[in-house]
Amino acid sequence: MTSKSIQQGEFYELEVDSDLKQSSAYNDDLAPTKIKDRTWNKWNIAALWVGMSICVPTYTLGGVLTAYFGLSVMEALFTILIANVILLVPLTLNAYPGTKFGIPFPVLLRSSFGIVGSNIPCLIRGFVACGWFGIQTMFGGLAIHLFLSAISSGWASLGGVGEVIGFFVFWALQMVVVIRGSESIKWLETLSAPLLLIVSVGLMLWAGGKVSVSEVLAIPANRPEEAGFMGYFFGGLTAMVGFWATLSLNIPDFSRYAKTQKDQVIGQIIGLPITMFFFAALGVMLTAASTTLVGETISDPISLIGKIDNPFWVAIAMVLIIIATISTNTAANIVSPTNDFQNIAPKYINHTRGVLLTGLVGILLMGWELLKKMGWLESDVSVESMYSNWLLGYSSLLRSIAGIMIVDYFLIKRQHLDLVALYTPNSLYPSFNVAGLAAFAIPVVITILALNISALSWFYSYGWFTGAFTGAVAYFLLANMQAGSAKQASAMSS
């Protein structure tokens with residue numbers, strides 16, 4: 001018997017023989033999902049996005065756009081909605097091969113970057129996720145600390161030590177969820193999504209009683225009167241598209257479990273844009289209400305709730321924040337690096353080891369902050385600076401990958417992949433695909449130049465759009481040139 005892919009309806013399934021199982025590029029966790037295991041319907045996909053979207057960073061988006069991008073509240077909310085509608089394009093397109101062939105993100109990258117070359121974009125994506133994982137775990141650990149402080153004055157006296165303990169408790173909870181596999185994540189997201197939506201609606205109604213909605217929405221833009229809208233809008237739009245741009249790459253990690261293409265498309269349309277718009281609007285309303293509640297403007301919901309002088313409601317609110325942060329972090333920031341790390345050495349790193357490696361890297365990236373909270377380290381570096389400087393800058397390296405993936409699958413490979421070859425080194429797919437690696441490098445080089453040449457600053461300012469477009473065009477041209485050269489060489493040899 002030899003390994004082969006079998007088409008069943010719109011799906012492909014891989015029959016694996018003993019030889020393929022021994023391949024250095026194969027393990028059972030990276031293998032295509034069996035058709036019987038593709039159980040996620042449109043509501044499960046929608047719940048995934050609801051669970052990921054309702055989180056502390058989403059809550060702050062409206063404030064970010066009004067404070068730093070010169071937009072009014074109405075303009076900011078409109079920008080968030082449009083950005084997430086735009087994001088549906090790369091999300092649904094890159095989800096297609098995941099659903100059709102049942103393959104995760106790293107395996108799909110082997111088609112455009114090569115069997116070994118795929119590790120370059122994989123590791124960049126993986127470390128970005130680990131950074132976010134560490135930051136979100138800090139939020140979750142703080143919520144656990146505030147919850148225990150609300151019910152125990154003894155715990156409250158622990159201060160920073162309590163936050164560190166909370167960090168590791170929250171870390172362990174997430175590890176358990178993801179190690180248990182995709183069904184565990186599906187169960188968590190499906191359970192938490194309606195709960196989080198109900199609570200969010202309740203908070204919106206409550207906040208509406210504390211402040212005038214019309215007055216909040218009428219807050220003017222924080223920009224010069226003579227300044228035009230469009231420049232500020234496109235700057236904010238680029239930033240908001242970049243918020244979930246990383247998920248537009250590794251969406252196959254989830255779409256490989258979808259029942260049908262229709263389920264993954266409709267599920268994402270239902271789950272993403274409206275949830276992001278609504279929860280960002282909630283953040284704006286609660287931030288405005290914070291002055292009435294605690295006498296100062298606070299844009300962080302955990303800090304805001306922690307200042308409310310009612311232990312019962314603080315405890316309840318922290319439980320909900322813990323659920324929201326776990327549902328976001330497990331799906332958005334653990335699944336991807338788990339698969340990405342496996343891709344390095346599938347024979348040595350399986351799913352469980354990938355999860356634990358992700359957790360370890362997350363701890364290391366946040367180690368300085370944990371030491372600060374323990375009082376063992378003095379540092380001016382904050383979580384916010386890590387977010388704004390390192391993570392956003394590092395994430396800029398990912399801009400071109402979405403365009404490369406879409407062009408490779410739909411225009412170059414024309415929606416056909418050889419499943420066996422994707423797991424077989426030195427076969428149809430090379431170790432390093434020069435076209436993919438070059439198309440990835442070109443926008444990176446231009447971005448570096450843009451940071452130092454004012455005439456090119458627009459390339460960096462509108463980075464996701466310029467990077468994705470440049471990567472897509474470069475890959476299309478280079479891949480066709482590469483194919484033409486291969487045909488010419490083949491003709492000459494024959």
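Note that the structure is a prediction, hence the values are computed from the model and not measured. (Residues numbered from 1 in each chain as written. Predicted model: local features only at pLDDT ≥ 70, side-chain atom pairs only at ≥ 80, totals over all residues. Heavy atoms only, no water.)

The next point concerns the overall build of the chain. Along the chain, the regular secondary structure elements total 26 helices and two strands. Taking the principal axes of its C-alpha atoms as reference, the chain extends roughly 80 × 55 × 45 Å. Here the chain holds 494 residues, and the buried ones make up 53% of them. Sequence separation of 24 or more characterises 81% of the internal contacts of the chain that already satisfy a separation of 6 or more. Surface accessibility of the chain: about 20,800 Å² in total, with carbon and sulfur atoms responsible for 67%. Considering the chain, the positive charge centre built from 25 side chains and the negative charge centre built from 27 side chains are found 10 Å apart. (Helix = DSSP H or I, 4+ residues; strand = E, 2+ residues; numbered from the N terminus. Buried < 20%, exposed > 50% of the residue type's maximum accessible area, 1.4 Å probe, protein only. Contact = heavy atoms within 4.5 Å. Areas by Shrake-Rupley, 256 points an atom, 1.4 Å probe, with all protein chains shown as cover. Lys, Arg positive; Asp, Glu negative; His and termini not counted. Charge placed at Lys NZ, Arg CZ, Asp CG, Glu CD.)

The next subject is the pairing of strand E2 (residues 11–15). Within E2, four of the five residues are buried, leaving the element largely enclosed by the surrounding structure. Direction of pairing for strand E1 (residues 4–8) relative to E2: antiparallel, over a ladder of five bridges. By the bridge assignment, Gln8 is partnered in E2 with Phe11. Counting the residues in the hairpin turn of E1 and E2 gives two residues, including Gly9, whose phi is positive at 65°. (Pairing = 2+ DSSP bridges.)

Looking at the element boundaries, Ala402 is found in helix H22 (residues 399–412). Leaving out residues up to four positions away in the same chain, Ala402 has contacts with Asn94, Ser248 and Leu249.

Right, let's talk about the side chain of Asn343 for a bit. Position of Asn343 relative to the elements: it lies in helix H18 (residues 311–344). Separated by 3.0 Å, the side chains of Asn343 and Ser118 make a polar contact. Those residues in contact with Asn343, other than ones at most four positions away along the chain, are Leu30, Pro106, Arg110, Ser118, Asn119 and Cys122. (Polar contact = N/O pair within 3.5 Å; in protein donor to acceptor, adjacent residues only side chain to side chain.)

Bringing the nonpolar core into the picture now. Here is a general trend for soluble globular proteins: nonpolar side chains tend to be buried in one another's company. By size, the foremost hydrophobic cluster in this structure holds 127 residues, and its most contacted members are Trp49, Ile103 and Trp244. Residue contacts for Trp49: discarding those within four places in its chain leaves Leu91, Trp244, Leu247, Ile251, Gln268, Gly271 and Leu272. (Core = buried A, V, L, I, M, F, W, Y, C linked by side-chain atoms within 4.5 Å.)

Our focus in this paragraph is the packing of aromatic side chains. Taken as a whole and judged by the stated rule, the model has 19 aromatic pairs. Summarising the aromatic geometry, the rings of Tyr26 and Tyr423 are spaced 5.6 Å apart at their centres and angled 70° between planes, so their arrangement reads as edge-to-face. Taken together, the residues span a long stretch of sequence, with Tyr26 in the loop between helix H1 (18–21) and helix H2 (42–53) and Tyr423 in the loop between helix H23 (419–422) and helix H24 (434–450) at a distance of 397 residues. Three or more aromatic residues link up through ring pairs in this structure, and these residues are Tyr12, Tyr96, Phe101, Tyr409 and Phe410. (Phe/Tyr/Trp six-rings, centres within 6.5 Å; stacked < 30°, edge-to-face > 60°.)

Right, let's get into unusual backbone geometry. The residue Gln415 is not glycine, and still its phi comes out positive at about 65°. Along the chain, Gln415 turns up in the loop between H22 and H23. The partly exposed category is assigned to Gln415, whose relative accessible area is 33%. A positive phi angle is found at Asn426, which is not glycine, with a value near 60°. On the secondary structure map, Asn426 appears in the loop between H23 and H24. Owing to a relative accessible area of 71%, Asn426 belongs among the exposed residues under this scheme.

Here we take up the layout of surface pockets. Considered as a void within the structure, the second largest pocket measures approximately 620 Å³ in volume. Together, 26 residues line the second largest pocket, and Val199, Leu203, Ile305, Ala317 and Leu320 are the ones closest to its centre. Elements supplying a minimum of two residues to the lining of the second largest pocket: helix H3 (56–59), helix H10 (182–210), helix H16 (273–294), helix H17 (301–306) and H18. Among the elements that take part in the lining of the second largest pocket, H18 stands out by supplying eight residues, more than any other. When the residues that make up the lining of the second largest pocket are grouped by side-chain class, the tally is 23 nonpolar, three polar and no charged. (1 Å grid on protein atoms, 1.4 Å probe; cavity = no way out; pocket = protein on both sides within 12 Å on 5 of 7 lines; lining within 4 Å. Points joined across faces, edges and corners; volume = space filled by probe spheres on them. Nonpolar A, V, L, I, M, F, W, Y, C, P; charged D, E, K, R; others polar.)

What follows deals with the environment of Thr287. Inspection of the secondary structure puts Thr287 in helix H16. Owing to a relative accessible area of 18%, Thr287 belongs among the buried residues under this scheme. Taking the C-alpha atoms as reference, Thr287 lies 45 Å from Gly117; in sequence the two are 170 residues apart. Here Gly283 takes part through its backbone oxygen, which lies 2.7 Å from a polar atom of the side chain of Thr287.

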